[in-house]
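Read off the chains here:
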Amino acid sequence: MDIWLAFKDLCLARPLLGLTTCILVLTLALHLVPVCRQTQRTTRIRGPQGTSLVFGLAKTVVDSNITNELYEPWAKEYGPVYKIPHALGKYRLMLWDQKAISHFFARDTWLYHHTPFNKIILPIAIGRGVMGADGESHKRQRKNLSPAFNAAAVRSLTSIFQDVAHKAVIAWDAEIESNRGDDCAVIDVQQWMNHISLDSAGIGILSHDFGALNGNGSDVEHVLNAFSASVDPSHSLFILGQTFPSIMKLPWPRTKFSQKLHLTVGQICQEMLSRRRKEKETGGIDERDKSCLGLLLKAEESGETVGLTQQEVLDEVHKSLSSSERYDTNLHLRQARILLLGSFETTAVSLTWAFIELGRNSDIQTKLRDECLEFGSTPSYDDLTNKLPYLNAVVNEVLRLHSPVVEVPRAATEDDVIPLSELLRTADGKFTDHICIAKGTEVVIPLAALNRSVSMWGPDAKVFKPSRWLKEDEGTHRARDMPHGYRHLMTFGNGARMCPGRLFALTQFKTVLFILVRHFMFEMADGAEVQIVKSLGLLPRPRVVGSTEAGCSVPVRVRRYEV
């Protein structure tokens, strides 16, 4: 009420002052009052000082190339929970304490929801569905996606991943063969991992072959590549968007990419749904279809899912239909788009990092190749899981050192008390074993930084060292005290939102690595010590700085392995 009175007095005192100024004053007041109230109900927590009155430290932490190196030193200086000043007086609460992180994951989707920024940007980027849902809606959607991602479903998809990897072998052989006079070829490994990931996801999720490895150049491939590489708003605008999320509704280039993706993938899913309906009518449904989408449709038809309609199976893909069509198919289609985009992006990034590390570390590459060659035949799902320890170690180490998802931000939907495993010194000099946070507080779990933490993974935490995952090595250090996720890693998250497609991703990752390492040797085209930075796309992607290979983001020299 005081804000409205002050605003009225300002307008009456200077009626000609300018409507714009008055609106700006009111907007800032409406923004700052809840910030002040939130601060009053929250434990006074220490943290680094902002470098800008407007942006705080937001411009610093948005740079993924340095963020991971800042979070742990700040935890040592300010304690296992600290605050980072953000734009216009807001702040983010960083959790580094293991007990606090466990508390957070136990309440994710219920007490902790997506931030207002993510509630706007996620539907724009990937559509509405399980990834953007909270509470009961998330629980129901997550439960009904399980038939597509359990061990039995992924086991049946292993042959698809093998076929795609063997197509890559043929394509790379052709690249080397075309390079007459030389026994090698320089390839952009990131682009090739995009091809492999897209074809695997297309067949494994949608039962559709995009033909990326055959050079077909589908619309989906072009859109996904542009979508992943696009950086439309400036850092400043992106940061302000987290304070004023509606800014992200403006027609940025990525919004246009997203709309085209909705349309293109939606058409593919619509064709599959129409084909399946016709097969059902004629009694000729193809039982050989093992794709995620096919399994979900079968589960729905057989009554194995509870509360999941055919509309929800495809819920992640399509917004381009008329309103009447949308009623019947929109939920189906949007689900499929999220699965496709999530699988494509994360797996392509992880595979790229794997070949970078193998190209940098020839001894590790040789040891991995020896194990794969000694194994002999192409491994089954169970073989990949249980019988190739060094392959598993390499994959785990890539996922630890190069997590595709950097952090998890959430907003508290009500006041909360977070317990701590060690005493925290507050800003007023007192010590406490818990902190109080107010409704609306933004809480962040720095996944990538925790995976690289020296205190949790030992003094060699920043080193690519697969042997830490073998029984004879104790390189996991204090990481065993972390919440139970996948091998105590934060890469797939934890709790209710733990990545549902992790078995799909791990099996694809291991299969591709096994087959390509057996056939080829790799080295960084610009030398093992070349500088690599992360560029801002949908997810941070590696890029070689100053490469001599024009047009290549990550140039790698490949040679056939001769026995």
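Calculation criteria
- Residues numbered from 1 in each chain as written.
- Predicted model: local features only at pLDDT ≥ 70, side-chain atom pairs only at ≥ 80, totals over all residues.
- Heavy atoms only, no water.
- Salt bridge = Lys/Arg side-chain N within 4 Å of Asp/Glu carboxyl O.
- Helix = DSSP H or I, 4+ residues; strand = E, 2+ residues; numbered from the N terminus.
- Buried < 20%, exposed > 50% of the residue type's maximum accessible area, 1.4 Å probe, protein only.
- Pairing = 2+ DSSP bridges.
- Expected span 1.5 Å × (residues − 1).
- pLDDT = per-residue confidence, 0-100.
- Contact = heavy atoms within 4.5 Å.
- Phe/Tyr/Trp six-rings, centres within 6.5 Å; stacked < 30°, edge-to-face > 60°.
- Lys NZ or Arg CZ within 6 Å of the ring centre and 35° of its normal.
- Axes fitted to C-alpha atoms, helices over the stretch in contact; angles between N-to-C directions.
- Parallel < 35°, antiparallel > 145°, perpendicular 65-115°, else oblique.
- Left-handed = near helix turned anticlockwise from the far one by under 90°.

In total, this model carries 20 salt bridges according to the counting rule given. A salt bridge links Arg497 to Asp134; the shortest N-O distance between them is 2.2 Å. Placement of the pair is Arg497 in the loop between helix H20 (454-457) and helix H21 (502-519) and Asp134 in the loop between helix H6 (116-125) and helix H7 (135-149), with a sequence separation of 363 residues. By the burial criterion, Arg497 is buried, and Asp134 matches it. Taken together, the shared-partner salt bridges in this structure form one network comprising Glu397, Arg400, Asp460, Lys465 and Arg468.

Moving on to the pairing of strand S2 (residues 91-95). In terms of residue burial, S2 counts as a mostly covered element, since five of its five residues are buried. A two-sided burial pattern is seen for S2, the buried positions comprising Tyr91, Leu93 and Leu95 on one face and Arg92 and Met94 on the other. Strand direction decides the pairing type here: strand S1 (residues 81-85) and S2, joined by five bridges, are antiparallel. Counterpart to Lys83 in the pairing with S2 is Leu93.

This next bit is on the pairing of strand S6 (residues 408-412). For S6, a buried count of five out of five residues is recorded, marking the element as mostly surrounded by other parts of the structure. Of the two faces of S6, the one carrying Val408, Arg410 and Ala412 and the one carrying Pro409 and Ala411 are both buried. Note that strand S3 (residues 112-113) and S6 share two bridges and pair antiparallel. Of the residues in S6, the one forming a bridge with Tyr112 is Ala412.

The end-to-end C-alpha distance of H7 is 21 Å, a good match for the 21 Å that 15 residues give at a rise of 1.5 Å each. Considered for burial, the residues of H7 that qualify are Gly135, His138, Gln141, Asn144, Leu145, Ala148 and Phe149.

To continue, consider the environment of Lys143. Inspection of the secondary structure assignment puts Lys143 in helix H7. Counting along the chain gives 357 residues from Lys143 to Pro500, while the straight-line C-alpha distance between them is 9.7 Å.

To continue, consider the confidence of the model for the protein chain. With 80% of its residues at a pLDDT of 70 or more, the protein chain shows a mean pLDDT of 82. Contacts of residues 1-10 to residues separated by more than four positions or lying in other chains number ten contacts, the stretch itself having pLDDT below 50. Per-residue pLDDT stays below 50 along residues 315-329; that stretch engages in 57 contacts with residues further than four places along the chain or on separate chains.

Two descriptors summarise a pair of aromatic rings, namely the distance from one centre to the other and the angle between the planes of the rings. All chains considered together, the criterion is met by 14 aromatic pairs. Ring centres of Phe104 and Tyr112 lie 5.1 Å apart, and the angle between their planes is 40 degrees; on these two criteria the pair is classed as tilted. In this structure Phe104 comes out as buried when scored by relative accessible area, which is 1%. Where Trp172 meets Trp192, the ring centres are 6.2 Å apart and the plane angle is 90 degrees; that geometry is what we call edge-to-face. Taken as a pair, Trp172 in helix H8 (residues 151-178) and Trp192 in helix H9 (residues 189-206) lie far apart in primary sequence, 20 residues in all. Of the two residues, Trp172 and Trp192, both sit in the buried class. In textbook terms, an aromatic cluster arises when at least three aromatic residues are bridged by ring pairs, as seen for Trp172, Trp192, Phe355, Phe520 and Phe522. Lying across the ring of Tyr91, Lys83 places its NZ or CZ 5.3 Å from the centre. Here Arg400 stacks its cationic end above the ring of Trp457, 5.4 Å away from the centre of that ring.

Right, let's talk about the side chain of Thr115 for a bit. Within the secondary structure, Thr115 sits in the loop between S3 and H6. Thr115 sits in the buried class, given a relative accessible area of 4%. If near-sequence neighbours (up to four positions away) are discounted, Thr115 is found in contact with Pro409, Arg410, Ala411 and Glu442.

Let us look at the packing of H8 against H9. How two helices sit against one another is set out by the angle between their axes and by the gap between those axes. Across the interface, H8 lies against H9 with an axial gap of 10 Å and an inter-helix angle of 150 degrees. By the angle between their axes, H8 is roughly antiparallel relative to H9. Pair H8 / H9 crosses with right-handed handedness. The residues of H9 that touch H8, namely those facing Leu157, Ile160, Phe161, Val164, Ala168, Ala171, Trp172 and Glu175, are Trp192, Met193, Ile196, Asp199, Ser200, Ile203 and Gly204.

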